[in-house]
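Spelled out, the chains give:
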Amino acid sequence: MHGRVKIKSTAQQEEEKRKEREKKLKAFVSARDAVLKKRSAGEQDEEALHLTQLLLSSNPDIATLWNYRREVLLHLETLRETDEVQKLYESELLFIEACLKVNPKSYGCWHHRTWVNTRLPRPDWTRELGLCDRCLGLDERNFHCWDYRRTVVKESGVSVEQELQFTDRLIGSNFSNYSSWHYRSTLLPRLRPQPAPDSAPCASPQVHSHRVCEEQLLKEYELAHNAFFTDPNDQSAWFYYRWLLGRAEREEMISCVYVSREGERVSVAFSKPVHAQSVGLMLVLDGQPQPVEWRCAHPRFRHSPVWLCDLPPGSITDMSNEHNLTVHWTEKHTHRDCALYTGCAESWCRDSATDQELFRSELSVEKSSVLQAELQSCNQLLELEPQNKWCLLTIILLMRALDPLGHEKETLAHFQSLKEVDPMRSSYYSDLCSKFLIENTILKMEYAEVRVFSLSNKNLTTLCHLDQLLLVTHINLSSNQLVRLPPQFAMLQCLEVSVILERIAFNAVTRNPSRKKNAIMLTTVAVSAQDQMKAGFSRVLEADDNAIESLEGLYHLPKLEEVSLKNNQICKLSALESLVSCVKLTRLDLRGNPVHKTANIESELSQLLPLVTALSL
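The following refers to the structure shown. (Residues numbered from 1 in each chain as written. Predicted model: local features only at pLDDT ≥ 70, side-chain atom pairs only at ≥ 80, totals over all residues. Heavy atoms only, no water.)

## Examining the sheet that holds strand 4 (residues 288–289)
Link 1 in the chain: Reading across the sheet, the four strands line up as 4-3-7-8 and stay open at both edges, with antiparallel pairing between neighbours. Edge strands, defined here as strands with exactly one partner in the open sheet, are strand 4 and strand 8 (334–340).
Link 2 in the chain: Taken together, the five bridges between strand 3 (residues 281–285) and strand 7 (residues 323–329) define a ladder with antiparallel strand orientation. When the sheet's bridge partners are listed, Leu283 is paired in strand 7 with Val327. (Pairing = 2+ DSSP bridges. Helix = DSSP H or I, 4+ residues; strand = E, 2+ residues; numbered from the N terminus.)

Take a look at the structure:
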């Protein structure tokens, strides 16, 4: 044990210990073999219980022995009266309790105790609740006991209010009791749920029953606030506070329907990944059900938030005709309509990220004022504890809950501080920062009512929320730290043009070993999306100056004509195979990639991508 002085033993003492261990092992193996022999012979008697008891008393983690005991107990149960069965199982509970003293975290013990109580004619759930209290008093983080307690509470009819008071006691005695904070987060939505709005069918698609009512939520802020001000370096209360700031799970719904005359294709986006073939998805065109086959945007996924189907040839190509489409999701008893008007090449019907409260929930005046006060308090704490990573991260989350766009610059500065304070998790903070930047850009794009998505030179390390970019036609991801275009990138079915910042001058190419980012841009001239389109910019995807190795996400993008991948890390021809599915791709720029060193690269590429007529190596 820690803190004890190590006493050296003599050779004679070591030899005596070895002999004692060998003696115990021989007895254990002999008893084990006898038990297995009896089980193989189908013997289910008192002797079997005795032998397994001897073995489990010294090692309660042998699942086979617990299974054999259950077989024996079930057999003896058929031979005895109810009172005798009660005594049999009560003695079994006493034996299990003795085993728990040997190993309080034995999976076998807790599972067997749960089973025994289901067989007891008259289970004593009050006694079991007391056992849980004693075990948690010895080890408040014994998750086996916490799981068992939930079973006991359910069977005994203990109220949610009583269990909430139980967490009050544990948290009050020790703020660091993470298990109690977590248990509290499962109880509050049941006891103090957020009420559904009066206009439930037309309201936000948040599942309000998964959240806590505002009155209780404000009290919980204060409770967590007291905890992390008491010990700013303990993570338990910070994690709970992060849960309080989170949003409810989104309701499963159809969030967008997009239809294109040119491709005679329908794209459907859902609020969560689904499996279209198994959820009863049906397309109705002008009142007639269509025999369509639904497919994922990328073949890697069985469940996806975006599904596609091709309409029968010639069904919507005539620009002079108007069409009405309805996508029915029979499993969820919901649908979404979309009208394709005369003269329109495409149409869609969708809920915006703002309508869905996808990245931020609407705040009442009271909740907003409380969060503002919490932000001020955390800023004060940060002045006292400038190296506290939990405080920095919570400040970021509070800023995003209050005004993600208004606090963007401060948020980025705090992320930089986090990487300096906690360098071991620098990559995690970079990914989280990338996620927040993408969310902010989606909000800006929707507020401006454009289909342009530009995040060049933002140090992005990952891509997310790509299902929200289904309607995007212009994208620029150049000068970031991306290493791959993930399969989800194939959801950008409307991708046409990249909003490109024209490079005027470059510094000498440099390399950062940690991220492999190269090519520093010194001067840029910003050109609006409208001006670029007027100037004849082609249907391009630009992802220059990253560290991209994989193009898996460039799959079946029907409108993509040009791909620019200068100064990346593409090493093998196999990384370009997904481009074969982009049937309109004619221009490809691979300058500055290791793949140009491949022997016979031009002839190999001409065989792989015969439609590409302009190749830059």
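## Thoughts on the nonpolar core
Link 1 in the chain: Ranked by size, the top nonpolar core spans 128 residues in total, and within it Phe453 and Phe489 carry the most contacts.
Link 2 in the chain: For this core, the element with the most residues is helix 13 (residues 389–402), which contributes eleven residues.
Link 3 in the chain: Setting aside residues no more than four positions away along its own chain, Phe489 makes contact with Leu463, Leu466, Ile475, Leu477, Leu495, Leu541, Gly553, Leu554 and Leu557.
Link 4 in the chain: Core analysis: the next-biggest nonpolar cluster, separate from the first, contains 24 residues, Ala276, Leu281, Leu325 and Val327 among them. (Core = buried A, V, L, I, M, F, W, Y, C linked by side-chain atoms within 4.5 Å. Buried < 20%, exposed > 50% of the residue type's maximum accessible area, 1.4 Å probe, protein only. Contact = heavy atoms within 4.5 Å.)

## Concerning the pairing of strand 6 (residues 304–310)
Link 1 in the chain: In terms of burial, strand 6 is largely enclosed, as six of its seven residues are buried.
Link 2 in the chain: With six bridges joining them, strand 2 (residues 265–274) and strand 6 adopt antiparallel strand pairing. Looking across to strand 6, one finds that Arg265 is bridged to Asp310.
Link 3 in the chain: Two strands pair when backbone bridges link them, and strand 5 (residues 295–296) and strand 6 are joined in this way by two bridges, in the antiparallel orientation. Paired with Arg295 across the two strands is Leu308, which belongs to strand 6.

## Some words on helix 6 (residues 125–138)
Link 1 in the chain: The first and last C-alpha atoms of helix 6 sit 20 Å apart over 14 residues, in line with the 20 Å expected at 1.5 Å per residue.
Link 2 in the chain: Every buried residue belonging to helix 6 is among Trp125, Glu128, Leu129, Leu131, Cys132, Cys135 and Leu136, and all of these are buried. For helix 6, the arc enclosing every buried residue in end-on projection is 155 degrees, short of the 170-degree limit, so these residues lie on one face. In this structure, helix 6 carries Thr126, Gly137 and Leu138 as exposed residues pointing more than 90 degrees from its buried face.
Link 3 in the chain: Two or three places before Thr126, at the opening of helix 6, Asp124 has a side-chain oxygen 3.3 Å from that residue's backbone nitrogen. (Expected span 1.5 Å × (residues − 1). Arc of directions from axis to C-beta. Polar contact = N/O pair within 3.5 Å; in protein donor to acceptor, adjacent residues only side chain to side chain.)

## Re helix 2 (residues 46–58)
Link 1 in the chain: Between its first and last C-alpha atoms helix 2 spans 19 Å; for 13 residues at 1.5 Å apiece the expected length is 18 Å, and the two agree.
Link 2 in the chain: The complete set of buried residues in helix 2 reads Ala48, Leu49, Leu51, Thr52, Leu55 and Leu56. Projection of helix 2 onto a plane perpendicular to its axis shows the buried side chains occupying an angular sector of 165 degrees, all on one side.
Link 3 in the chain: Looking at the packing, one finds that the buried side of helix 2 touches helix 1 (11–40), helix 3 (63–77) and helix 4 (82–102).

## Points about the sheet that holds strand 1 (residues 254–260)
Link 1 in the chain: In space, the five strands of this open sheet follow the order 5-6-2-1-9, with antiparallel pairing throughout. The two strands at the open ends of the sheet, each matched to only one other strand, are strand 5 and strand 9 (346–350).

## Quick look at the state of the cysteines
Link 1 in the chain: Applying the stated criterion to the full structure yields zero disulfides.
Link 2 in the chain: Cysteine Cys109 remains unbridged, with the sulfur of Cys99 as its closest cysteine sulfur at 4.7 Å.
Link 3 in the chain: By relative accessible area, Cys109 is classed as buried at 0%. (Disulfide = S-S within 2.5 Å.)

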